[in-house]
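Observations on the model geometry
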Amino acid sequence: MSKTQIPAQPLTMAQLRKRLDEALTNGHQPKDLVLRLTLRDAALIKRSSVFADDEIRFVDGVMHVLGISTIIGQVGETAIGAAETAVS
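These lines cover the structure that appears in this document, whether it is placed above or below.

Procedures and definitions
- Residues numbered from 1 in each chain as written.
- Predicted model: local features only at pLDDT ≥ 70, side-chain atom pairs only at ≥ 80, totals over all residues.
- Heavy atoms only, no water.
- Pairing = 2+ DSSP bridges.
- Helix = DSSP H or I, 4+ residues; strand = E, 2+ residues; numbered from the N terminus.
- Buried < 20%, exposed > 50% of the residue type's maximum accessible area, 1.4 Å probe, protein only.
- Arc of directions from axis to C-beta.
- Contact = heavy atoms within 4.5 Å.
- Polar contact = N/O pair within 3.5 Å; in protein donor to acceptor, adjacent residues only side chain to side chain.
- Axes fitted to C-alpha atoms, helices over the stretch in contact; angles between N-to-C directions.

1. Examining the pairing of strand E2 (residues 56-59)
Taken residue by residue, a regular strand's side chains alternate between the two faces of the sheet. Looking at chain direction, E2 and strand E3 (residues 62-65) are connected through four bridges and run antiparallel. Residue pairing for E3: Val59 is matched across the bridge by Val62. From the end of E2 to the start of E3, which pair antiparallel, there are two residues, and Asp60 there has a positive phi angle of about 50°.

See below:
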């Protein structure tokens, strides 16, 4: 019988803020990053006092947090990664 996998604890908004700040402090540019958010975290981030109102923007239907574009849903865990570049 296989053991049931216990999901990892979701990030708190303070932990997410710390990871974003660290990425930006380490020289990554917001345009070079993408924040993949779970539906839960996307909802929480908009209500969190950890992020100021002017740190969350919506441009052309895409949410940007600290200038980093987001992809919402279709992930099991929120993560920060390199933005994918489109090849023509």
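2. So, helix H2 (residues 39-47)
Three or more residues of H2 are buried, namely Asp41, Ala42 and Ile45. Axial view of H2: buried residues confined to an arc of 105°, hence all on one face. Structural note: H2 exposes Leu39 and Arg47 on the side pointing more than 90 degrees away from its buried face. Tucked inside the fold, the buried residues of H2 contact helix H1 (13-25), strand E1 (33-37), E2, E3 and strand E4 (68-72).

3. A closer look at the side chain of His64
For His64, the position within the fold is in strand E3. A distance of 3.2 Å separates a polar side-chain atom of His64 from the backbone oxygen of Val62. Those residues in contact with His64 that sit more than four places away from it in its chain are Glu55, Ile56, Arg57, Val59 and Ser69.

4. Here's the deal with unusual backbone geometry
Of note, the phi angle at Leu66 is positive, near 55°, even though the residue is not glycine. Its location among the elements puts Leu66 in the loop between E3 and E4. The residue Gln74 is not glycine, and still its phi comes out positive at about 60°. Residue position: Gln74 is located in the loop between E4 and strand E5 (79-82).

5. Quick word on the environment of Gly73
Within the element layout of this structure, Gly73 appears in the loop between E4 and E5. In this structure, the C-alpha to C-alpha distance between Gly73 and Arg40, residues 33 residues apart in sequence, is 8.6 Å. Leave out the neighbours within four places in its chain, and Gly73 touches Leu37, Thr38 and Leu39.

6. Side note on the sheet that holds E4
Overall, mixed pairing links the five strands, which are arranged E2-E3-E4-E1-E5 in an open sheet. Each of the sheet's edge strands pairs with one partner strand only, and the pair in question is E2 and E5. Taken over all neighbouring pairs, the strand axes of this sheet differ in orientation by 35° on average, direction set aside. Along the sheet, H1 contacts E1, E3, E4 and E5; its crossing angle with E1, the most-contacted strand, is approximately 170°. Here H2 sits on the sheet and contacts E1, E2, E3 and E4; the angle it forms with E3, its principal contact strand, is near 65°.

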